[in-house]
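Chain by chain, the residues:
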Amino acid sequence: MNAIIISAVWGIIMMFSGIVTAKGSTIRNAAIIGLVLLLVCNYLDLIGYHLFPVDTHKMLFFDTFGLLANGIIFASTLIYVLLSGREIENIAQRMPVAECFALIFFVLCGVSLVTTFNTLLMLFLGIEIISIPLYILTGSDKRNLKSNEASLKYFLMGCFSTGVMLLGIAFLYGASPNGSFSIDDLGIGSQKLSALYMAGLLLLLVSMGFKVSAAPFHFWTPDVYDGAPTVFTSFMATIVKAGIFIGFIRLFDETFGDSQPRWQLFVAIITAVTLFIGNITAVFQQSVKRMLAYSSIAQAGFMLLALLSINGLAKEGIILYAAAYSLATIGIFAILIKMKDYTFEGFNGLARHQPLLAATCTIFLLSLAGIPLTAGFFAKYYMLASVIETGHFFWLVVFAVLCAAVSVYYYFRVIQAMYFKDGDAQVLELRPGFKGLLVVVAALIVLLGVFPQVLLDKLYTLVYTW
Amino acid sequence: MIPVLLIAIPLIGGLAGFFIKDEKSARGWSLLVSLAALIVSLWGLSLPAKSPMLNADAEWLPALGSRFTVGLDGMGQILCLLTAIAFPVIFIATWRDEYRKAWNFYALMLLSQAGLMGVFLAMDALLFYFFWELALIPVYFLCSQWGGEKRIQATFKFFIYTFVGSLLMLIGIIWLYSHTADHSFSMKSFYDLRNRVGGQEQLWLFWLFFIAFAIKMPIWPLHTWQPDTYEQSPTATTMVLSGVMVKMGVFGVIRWLAPVLPVGTWAWGDTVSALCIIGMIYASLVAIRQDDLKRLVAYSSIAHIGLMCLAIFATTTSGMQGVMIQMFNHGINIIGLWIVIDLIERQLGTRKISELGGLAQKAPALAILLVIVALANVALPLTNAFIGEFLLFSGVYASKATQYNVVFTVVAGLSIILSAIYTLNMIQRVFFGNTNTLTEKAKDIRLNEKIVLAAIVVLIVVIGVYPKPILNLTKETVDLIITKMNYKS
């Protein structure tokens, strides 16, 4: 509860801070304070200090899984703002910087609803609170035609998927035994599932698949990610996606967990298609930004494995995956923003001019590719292990692994450009603080890659010992 | 204690190496670090087999059931010794090679040593997988950064090949792990799986592991990355790849495949043996036609490794003994060959056999040393490889695991003849005959090169005459593996 209220309130504060001051750095610092506050309050919630004792009438349910996910998402946002916050100011001639930050906080509010919802209405509300600010952020580069196009495209497709979602929720409401939106009442086992129920379930699957850009509902992703200002692409591709994924898992775990055998095959097919399309298409990209858009589809495919298996490993794994993926992608985007040329050639010879930038970028890419010693390895490990534990869908595991091998191709193209090709990579001006922070993020990734338990165990034990 | 040191010394030395921004000091530093590792390795050899110093165990990922368990058994001793000898030899032999940003080169070399040591020492499947991949990353950078003209594509092919193999192995490891009695990655739990994993499952599980190992060795038809990579890599890295790294594949089969999945190993034994034999003959025939010295040695290596793999699947004590000793010998011999090639290339700027000739007149010392190494490559008596290959062949011949043992022995024996053809042919065309305008200018080798080559020759002869210490060292491992490979019990 703490997080939801504070993020909403702080969003409003941010909005009005534009009246008090027009100075970008002040506003950014206020946002950083807000994020730290969010992290602290979320932690307090986790250990049992509820600042706002509101009776939510079982509309929301605050369990460790959701709150832990919140913590990861807020921490990622903090790192994101620290790394790329200045870039938001650079769009400011066209867009008041205070409002951008306000929108980010509103998105976070939506995310914390999605991670802790207990009725489908709350899920719907959360998804909408996330989506609407994103439409604006996508189009925030007002004079850029591509940005406008992306925004409109996103808006139209988003509205459509929202409609599908509402339809699904309505079906489920009709099919539930005593007319309820609560996910506790909707889990009615795998027997006697009416056609209405299955239809509602599949519609929800489709609309959620749309939101996390799972194939074949991914067509908006490359255009929107490419057209949006890079700094917001980074936000959308990581924090928002991870948040919605947590909600996705929560929905299917709590509500449809019992009827798993009935929908598992659908998820398996969606996963396979997502992995295939994401990875194969990424191979052919010429721009790193677009490649990252497709890579985010491919990574979503890997996260879908957790949805497929839904067990203890999957839930632990998705938290680790969210952290590993967000950290690495935020880092790469932060570096990408500083490049003058977004094509692969633009990275040529970066190692010669900016060895530190190249080294950290390499760690991020290795993590995305899932090489041991980086967080990405254990993230992928958990996903694979969770499916293997179910004892079914072995073909999908092998397929996922082959796709991971394909992903090495496009991630390593960046490494090859940076290290082995001669060129004159142009970089914008870098502050020492930025480099320092990149090193910290890279160190975090390596730390998670050697001791993933640091995140999983320590957080859990902290929660339970208090 | 000792295993930890063996990993930590090159690891820390390598990491520190990145910060020595001076070519000469970096070179000296790396030699120092590798010598330290060699001393530790010798120290480990001097200890009795049951010494607690040879094992280390620490908590790593309790929730996953994986521990940081490292230990030195006979096979580990031999391979760690090989790794520990190889690196100082390589550093001294390539002392005069010039690299751009040499400190990075040497640091990465040391990191790859740490990874290799880890592979040979790990007694925990997940840890093994970790090191297996880690050994690859520095080598990838080494080859892509400092190699020949087509280095980027060649290395990338190599990387993708091995990465696919490793990922398949990861699936296998996770699958086996989920079937262990105590949800543990420890070697003991994996060895106990034989009773819990049915024969049908072993049949497909076998390939998940074997593909990874076969790519690394490499076994025909998964060998295609190898000649390109060997040719394009800087010679020092080629030495690591062919001298030590291919042993990872052989080692993997012996430690993590054959004893864990005995039924699968037995059932596919004939298939794999056939692949090995095809590969041996094929590689030998291709080697005869090669004009590039590096490619010639690369193909010859495929043939030799094929024989080792064949002997593993023969499941006999003498064959397994042969594999142990031959892993060491092959590493020493092939590094010796690479050193000679590197010397020739550095002096004359070419590796083409057709452009060379009459070097013996100009460089007599080099010629003598090379001839000994080359004879070892052909496995002539009195050289180390004779002992190894004799054991390998007698093992294959005596095999009870297959009914085709005679056929295998005879056809594999052909490859020895073929290897004599291409090796002697190479010596003749490069070292004897008349000098040409290019080789006129050749000079004999310098002191440091004489020392390393002489050391290699000494090793070749000593092991060739008195192999008993190595055989004793590995006896216990061999017995254990052979017992575990008995699928009937």
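Just so you know, these numbers come straight off a predicted model, no measurement behind them. (Residues numbered from 1 in each chain as written. Chains lettered and ligands numbered in written order. Predicted model: local features only at pLDDT ≥ 70, side-chain atom pairs only at ≥ 80, totals over all residues. Heavy atoms only, no water.)

## A few points about the overall build of chain B
Next, step 1: Counting its secondary structure elements, chain B contains 20 helices and two strands.
Next, step 2: Across its three principal axes, chain B shows a C-alpha extent of roughly 70 × 55 × 45 Å.
Next, step 3: Across the 489 residues in chain B, those meeting the buried criterion constitute 64%.
Next, step 4: Total accessible area on chain B stands at roughly 16,600 Å², and carbon and sulfur atoms take up 67% of it.
Next, step 5: Distance between charge centres in chain B, computed from 34 positive and 27 negative side chains, equals 2 Å. (Helix = DSSP H or I, 4+ residues; strand = E, 2+ residues; numbered from the N terminus. Buried < 20%, exposed > 50% of the residue type's maximum accessible area, 1.4 Å probe, protein only. Areas by Shrake-Rupley, 256 points an atom, 1.4 Å probe, with all protein chains shown as cover. Lys, Arg positive; Asp, Glu negative; His and termini not counted. Charge placed at Lys NZ, Arg CZ, Asp CG, Glu CD.)

## What to know about the domain arrangement of chain A
Residues and elements named next belong to chain A.
Next, step 1: By the assigned domains, chain A splits into domain 1 (1-155 + 218-247) and domain 2 (261-466).
Next, step 2: Put simply, the middle of domain 1 and the middle of domain 2, counted by C-alpha atoms, are 22 Å apart.
Next, step 3: Contacts between the two partners involve 35 residues from domain 1, matched on the other side by 40 residues from domain 2.
Next, step 4: Applying the counting rule to domain 1 against domain 2 returns three salt bridges.
Next, step 5: When the shortest N-O distance is used, the salt bridge between Lys338 and Glu87 registers 3.0 Å.
Next, step 6: Applying the counting criterion to the domain 1 and domain 2 interface returns nine residue pairs in polar contact (both at pLDDT 80 or more). (Domains from an automatic or database assignment. Contact = heavy atoms within 4.5 Å. Salt bridge = Lys/Arg side-chain N within 4 Å of Asp/Glu carboxyl O. Polar contact = N/O pair within 3.5 Å; in protein donor to acceptor, adjacent residues only side chain to side chain.)

## Concerning the side chain of Arg295 of chain B
All names here are of chain B.
Next, step 1: Within the secondary structure, Arg295 is located in helix α13 (residues 293-314).
Next, step 2: Classification of Arg295 as buried rests on a relative accessible area of 18%.
Next, step 3: Side-chain polar atoms of Arg295 contact the side chain of Asp228, separated by 3.3 Å.
Next, step 4: Ignoring any residue separated from it by four or fewer positions in sequence, one finds Arg295 in contact with Pro227, Asp228, Glu231 and Gln290.

## Section: the pattern of salt bridges
Residues and elements named next belong to chain B.
Next, step 1: Taken as a whole, this structure holds 25 salt bridges over all chains when the rule is applied.
Next, step 2: Glu231 is the salt-bridge partner of Arg351, the closest N and O atoms lying 3.8 Å from each other. With Arg351 in the loop between α14 (317-348) and α15 (359-362) and Glu231 in helix α9 (residues 225-232), this residue pair connects regions lying 120 residues apart in the sequence.
Next, step 3: Residue classification places Glu231 among the buried positions, given a relative accessible area of 17%.
Next, step 4: Between Glu345 and Arg351 there is a salt bridge, with the nearest N and O atoms lying 3.2 Å from each other.
Next, step 5: Judged by relative accessible area, which is 16%, Arg351 ranks as buried.
Next, step 6: Connected through shared salt-bridge partners, Lys157, Asp228, Glu231, Asp292, Arg295, Glu345 and Arg351 make up one network.

## Re helix α18 (residues 405-431) of chain B
Next, step 1: A rise of 1.5 Å per residue sets the reference length of α18 of chain B, with its 27 residues, at 39 Å; its end C-alpha atoms lie 39 Å apart and thus fit the reference within 8%.
Next, step 2: Gly433 of chain B sits one or two positions beyond α18 of chain B and adopts a positive phi of about 80°. (Expected span 1.5 Å × (residues − 1).)

## What to know about the nonpolar core
Next, step 1: The biggest cluster of nonpolar side chains holds 377 residues, and the ones touching the most others in it are Tyr381 of chain A together with Phe210 of chain B.
Next, step 2: Shared between two domains, this core takes at least three residues from each, and those domains are domain 1 (1-155 + 218-247) and domain 2 (261-466) of chain A. (Core = buried A, V, L, I, M, F, W, Y, C linked by side-chain atoms within 4.5 Å.)

## Notes on the interface of chain B and chain A
Next, step 1: The interface of chain B with chain A comprises 35 residues on the first partner and 37 residues on the second.
Next, step 2: On inspection of chain B and its partner chain A, the count reaches zero salt bridges.
Next, step 3: At the junction of chain B with chain A, the criterion picks out four residue pairs in polar contact (both at pLDDT 80 or more).
Next, step 4: Taken together, the elements giving at least two residues each to the side of chain B that touches chain A come down to β1 (55-61), α5 (125-146), α6 (151-179) and α8 (199-216) of chain B.
Next, step 5: Ranked by the residues each element gives to the side of chain B that touches chain A, the list is headed by α6 of chain B, at 15 residues.
Next, step 6: Residue classes in the side of chain B that touches chain A are distributed as 27 nonpolar, four polar and four charged. (Nonpolar A, V, L, I, M, F, W, Y, C, P; charged D, E, K, R; others polar.)

## A short note on the pairing of strand β2 (residues 66-71) of chain B
Residue and element names in this part refer to chain B.
Next, step 1: Both β1 and β2 contribute to a ladder of six bridges, which runs antiparallel. Paired with Asn55 across the bridge in β2 is Gly71.
Next, step 2: The turn linking β1 back onto β2 is made up of four residues, and Gly65 within it adopts a positive phi angle of 75°. (Pairing = 2+ DSSP bridges.)

## A short note on the environment of Ala306 of chain A
All names here are of chain A.
Next, step 1: Turning to its location among the elements, Ala306 is positioned in helix α12 (residues 288-309).
Next, step 2: Each C-alpha atom, one on Ala306 and one on Leu373, is 22 Å from the other, the two residues being 67 residues apart in sequence.
Next, step 3: In contact with Ala306, not counting residues within four places along its chain, are Ile249, Ala314, Ile318 and Met383.

## Re unusual backbone geometry
Next, step 1: Across the junction of Met217 of chain B and Pro218 of chain B, the peptide omega takes the value -10°, indicating a cis bond.
Next, step 2: With omega at 5°, the peptide bond leading from Trp220 of chain B into Pro221 of chain B counts as cis.
Next, step 3: Relative to the helices and strands, Pro221 of chain B is located in the loop between α8 and α9.
Next, step 4: In this model, Ile310 of chain A sits at a positive phi of 35°, which is unusual for a non-glycine residue.
Next, step 5: For Ile310 of chain A, the location among the structural elements is in the loop between α12 and α13 (312-337).

## Considerations on the environment of Ser399 of chain B
All names here are of chain B.
Next, step 1: With respect to the helices, strands and loops of the structure, Ser399 is situated in the loop between α17 (384-397) and α18.
Next, step 2: Relative accessible area serves as the criterion here: at 4%, Ser399 is assigned to the buried category.
Next, step 3: Taking C-alpha positions, Ser399 is 19 Å from Ile278, a pair spaced 121 residues apart along the chain.
Next, step 4: Ser399 has contacts with Ala314, Thr316 and Asn405, leaving out every residue within four places of it along the chain.

## Section: the packing of helix α4 (residues 102-121) of chain B against helix α10 (residues 235-257) of chain B
Helix packing geometry: the angle between the two helix axes and the distance between the axes.
All names here are of chain B.
Next, step 1: Interaxial distance between α4 and α10 falls to 10 Å at its minimum, and their mutual angle equals 15°. Considering the angle they form, α4 stands roughly parallel to α10. Between α4 and α10 the crossing geometry is left-handed. In this structure, α4 contributes Phe105, Met109, Ser112, Leu116, Val119 and Phe120 to the contact, and α10 contributes Ala236, Thr237, Val240, Val244, Met245, Lys247, Met248, Phe251 and Arg255. (Axes fitted to C-alpha atoms, helices over the stretch in contact; angles between N-to-C directions. Parallel < 35°, antiparallel > 145°, perpendicular 65-115°, else oblique. Left-handed = near helix turned anticlockwise from the far one by under 90°.)

## Observations concerning the state of the cysteines
Residue and element names in this part refer to chain B.
Next, step 1: One pass over the full model with this rule turns up zero disulfides over all chains.
Next, step 2: Of all cysteine sulfurs, the one in Cys309 lies closest to Cys276, which takes part in no disulfide; the gap is 3.5 Å.
Next, step 3: Look at Cys276 and you get buried, because its relative accessible area is 2%. (Disulfide = S-S within 2.5 Å.)

## Observations concerning the packing of α12 of chain A against helix α17 (residues 394-420) of chain A
All names here are of chain A.
Next, step 1: The contact between α12 and α17 brings their axes to 11 Å, and the two run at 155°. Classified by the interaxial angle, the pair formed by α12 and α17 is roughly antiparallel. Relative to α17, the crossing made by α12 is left-handed. Taken together, the residues of α17 that come into contact with α12 (itself represented by Met291, Ser295, Ala298, Gln299, Phe302, Leu305 and Leu308) are Leu396, Ala400, Ala404, Tyr410, Tyr411 and Val414.

## Topic: α12 of chain A
Residues and elements named next belong to chain A.
Next, step 1: Taking 1.5 Å as the rise per residue, α12 with 22 residues should run 32 Å; its terminal C-alpha atoms sit 32 Å apart, in good agreement.
Next, step 2: Measuring from the backbone nitrogen of Lys289 back to the side-chain oxygen at the start of α12 gives 3.2 Å, which picks out Ser287 as the cap.
Next, step 3: One or two steps after α12, the chain reaches Ile310, where phi turns positive at roughly 35°.

## Quick notes on a nonpolar patch on the surface
Residues and elements named next belong to chain A.
Next, step 1: Taken together, the side chains of Ile12, Met15, Phe16, Ile19 and Val20 make up a nonpolar region of the molecular surface, amounting to roughly 540 Å² of accessible area.
Next, step 2: Structurally, Ile12 can be placed in helix α1 (residues 2-20).
Next, step 3: Relative accessible area serves as the criterion here: at 42%, Ile12 is assigned to the partly exposed category. (Patch = residues over 30% accessible without salt bridge, like charges linked within 9 Å, V, L, I, M, F, W, Y side chains within 5 Å.)

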